[in-house]
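In case you want the letters, here they are:
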Amino acid sequence: MPKPLIEVREATCSYGPIPALHGVSIQIARGEFVGIVGPNGAGKSTLLRAMHALVRPQEGAILIDGRQVNRLSSRELARILAGVPQEAGNPVPFTALEIVLMGRNPHRRGLSWESPQDLAIARQAMERTHTWHLADRPFQSLSGGERQRVLIARALAQRPQILLLDEPTAHLDIAYQLEIMELLTSLHREGLTILAVLHDLNLAAMFCERLILMSKGTILADGPPGDVLKPKWIRKAYGVDALIRTHPLTGRPYITLLSPSRLDPFRDAPSVHVICGGGSGAGLLSTLLHSGFRVSTGVLNVLDSDHEAAQAMGIEVIEEAPFSPISEETHRLNLLRILESDAVVITSVPFGHGNLKNLEAAVEARNRGIPVFLLGHGQGAVRDYTGGLAEDLLERLLMMGASQVESVEELLRELVELSNLRQTR
Ligand code: ADP
């Protein structure tokens, strides 16, 4: 492996008794575009500050291009590595061009004035970030997105090999966020090594080749976005459940955060079994879970989006192999689960020969007196690909006293009523 451009070796940094970085090791190769993600207080900014020699590790070392950062003069370091701060700090009475020219300081001798070459480089950096037309404007009068681009231009004017950015998209609206990330992507393509602390996991997944997920001063996961943004790591870092899909356009992971840390229902809370599939159940499963019900679902095929959602929420799933019809064995397991439930809900999932057994299980539940609810089964809502068998079973369920409910709210009211009845029994 070629020598890494940045190497953090077992670095520990403390401001007080608790280390903000705890034995962190990272290697970044030349030309990488890395996103650093993690909750507040994880140590992301401290990591950037340590790379910038602004804080010194008490243990371990940080090497840039094979040299310890603390042994480099600030001018030497600034020619290799440029930082883009999150905010410009206090109001500054400078024009945008004057700010960008500050990026030339590490290249100037003593207190000399800027040379024509410095001006040419500043102009180039501003053209590169589409800010040249703002050159004479007071920096303070610019919009958030324009200011951020000027600060990136200042970093570029340093002619560095590495850009370090601390939340470059914070406080920007989505169009400006995309603009900044696209700018970073094109700078990366031109050969810059980029490390950016990013708040937005979806933006990070969309643009970075590699993510480093930090939590409590350590690295939880490091690798391609698809390996790092896994429900178990998100839960561990942020304490929230996440639903992760592959974005149809970018092929990158796309995250929906479900809610702050899953509620653990009471052991004797009423249990609801949901028959769903193809995304018809994910929202309902989450609502039931967060309304305090014990929830199970099935039979669902592995790879079905509802299967994925249930797993992300830690819901019990009776599962079948991908794209396979429900086997007798799985049907039996599902039936056992259903017969222990206090209620069964059937969403408007399409039925084919592969999942028809789920309706047979519901009929069996109804036979044993378990309440069955058909959610959103209005006129033509359920597609039947079994030549009428599914419709017959649904008819039969209605004749056996299954209830039709139109909305999740109505279902919740019915379920709450049921559980009240159960308590008074
Ligand atoms: P992040 O950037 O991930 O939000 P930070 O690196 O800013 O995390 O902070 C990591 C830990 O170090 C936090 O507990 C924070 O309170 C603490 N910390 C950060 N900066 C300072 C400081 N200047 N003085 C004291 N503690 C600090």
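To be clear, the structure that these remarks concern was listed above.
These notes cover the structure that comes with them. (Residues numbered from 1 in each chain as written. Predicted model: local features only at pLDDT ≥ 70, side-chain atom pairs only at ≥ 80, totals over all residues. Heavy atoms only, no water.)

### Thoughts on the site of the ligand
Spelled out, the test is: For each residue, the test is whether any non-hydrogen atom lies within 4 Å of the molecule or strand; if one does, the residue is near. Polar contact is defined as a pair of N or O atoms within 3.5 Å, subject to the rule that within protein one atom must be able to donate a hydrogen and the other to accept it, and that residues adjacent in sequence are counted only when both atoms are side-chain atoms. Each accessible area is a Shrake-Rupley estimate made with a 1.4 Å probe; only the visible protein chains count as cover when residues are assessed. Three categories are distinguished: nonpolar for Ala, Val, Leu, Ile, Met, Phe, Trp, Tyr, Cys and Pro, charged for Asp, Glu, Lys and Arg, and polar for the others, with Gly belonging to the last.
Taken together, Tyr15, Ala20, Pro39, Asn40, Gly41, Ala42, Gly43, Lys44, Ser45, Thr46 and Arg49 make up the full set of residues near the ligand. A distance of 2.7 Å separates an oxygen atom of the ligand from a polar side-chain atom of Ser45. Here Thr46 contributes a side-chain N or O atom positioned 2.5 Å from an oxygen atom of the ligand. Contact with the protein chains hides 55% of the accessible area of the ligand, taken as 560 Å² for the molecule alone. Across the shell around the ligand, the residue classes tally to 4 nonpolar, 5 polar and 2 charged.

### Some points on the sheet that holds strand 8 (residues 193-197)
The test is simple: At least two bridges found by DSSP between two strands is the condition for calling them paired. Where helices and strands are cited, they refer to DSSP runs of H or I of at least four residues and of E of at least two residues respectively, numbered from the N terminus. Lines fitted to C-alpha atoms define the axes here, with helix axes fitted over just the stretch in contact, and angles between the N-to-C directions of these axes take values from 0 to 180 degrees.
One open sheet holds the 6 strands; their spatial order is 6-7-8-3-9-10, and the pairing between them is mixed. The open sheet has two edge strands, strand 6 (81-84) and strand 10 (218-223), and neither has a second partner. Along the sheet, successive strands turn relative to each other by an average axial angle of 15°, direction set aside. Examined bridge by bridge, strand 6 and strand 7 (residues 162-166) share 4 bridges and lie parallel to one another. When the sheet's bridge partners are listed, Gly83 is paired in strand 7 with Leu164.

### Some words on helix 11 (residues 305-312)
Just so we agree on the cut-off: Burial here depends on accessible area, computed with a 1.4 Å probe over protein chains only, as a share of the maximum for the residue type. Under 20% is buried, over 50% is exposed, and the range in between is partly exposed. Should any heavy atoms of two residues lie within 4.5 Å, those residues are counted as being in contact.
With 6 of its 8 residues buried, helix 11 lies for the most part within the structure. For helix 11, the complete set of buried residues consists of Ser305, Asp306, His307, Ala309, Ala310 and Ala312. Of the surrounding secondary structure, the elements contacted by the buried residues of helix 11 are helix 9 (231-238), strand 11 (240-246), helix 10 (282-290), strand 14 (294-301) and strand 15 (316-320). Directly beyond the C-terminal end of helix 11, a positive phi value near 75° is found at Gly314.

### Notes on the environment of Leu359
Mapped onto the fold, Leu359 is located in helix 13 (residues 357-367). Here the alpha-carbon distance between Leu359 and Asp392, two residues 33 residues apart in the chain, equals 10.0 Å. Residues within four places of Leu359 in sequence aside, it is in contact with Ile346, Phe351, Ala390, Leu393, Leu394 and Leu397.

### Section: the packing of helix 4 (residues 116-128) against helix 5 (residues 144-157)
Note the cut-off: Working rule for angles: under 35 degrees goes down as roughly parallel, over 145 as roughly antiparallel, 65 to 115 as roughly perpendicular, anything else as oblique. By convention, the crossing between two helices is left-handed when the near helix turns anticlockwise from the far helix through less than a right angle, and right-handed when the turn is clockwise.
Here helix 4 crosses helix 5 at 135°, and the two axes come no closer than 8 Å. Between helix 4 and helix 5, the interaxial angle falls into the category oblique. Where helix 4 crosses over helix 5, the two elements pack in a sense that is right-handed. Touching Ile121, Ala125, Met126 and Arg128 of helix 4 are Ala153, Leu156 and Ala157, all from helix 5. By residue class, the composition of the contact of helix 4 with helix 5 is 6 nonpolar, no polar and 1 charged.

### Some details on the sheet that holds strand 5 (residues 67-68)
The strand order across the open sheet built from 4 strands is 2-1-4-5, with neighbouring strands paired in antiparallel fashion. The two strands at the open ends of the sheet, each matched to only one other strand, are strand 2 (19-28) and strand 5. Examined bridge by bridge, strand 1 (residues 6-14) and strand 2 share 6 bridges and lie antiparallel to one another. By the bridge assignment for strand 2, Ser14 is matched with Pro19.

### Quick notes on the environment of Pro106
Within the element layout of this structure, Pro106 appears in the loop between helix 3 (96-102) and helix 4. Note: C-alpha distance between Pro106 and Ala78 (28 residues apart in sequence) is 6.2 Å. With near-sequence residues (within four places) excluded, Pro106 lies in contact with Arg75, Ala78, Arg79 and Gln158.

### Concerning the pairing of strand 13 (residues 271-275)
Condition: Handedness of a crossover is defined as follows: with both strands directed away from the viewer, a clockwise route from the first strand across the helix to the second makes it right-handed.
Across the 5 residues that make up strand 13, a large majority, 5, are buried. Residue alternation in strand 13 divides its side chains into two sets, Ser271, His273 and Ile275 and Val272 and Val274, and both sets are buried. Pairing analysis gives 4 bridges linking strand 13 to strand 14, with the strands arranged parallel. Across the sheet, residue Val274 finds its bridge partner in strand 14, namely Thr297. Following the chain from strand 13 across helix 10 to the adjacent parallel strand 14, one finds a crossover that is right-handed.

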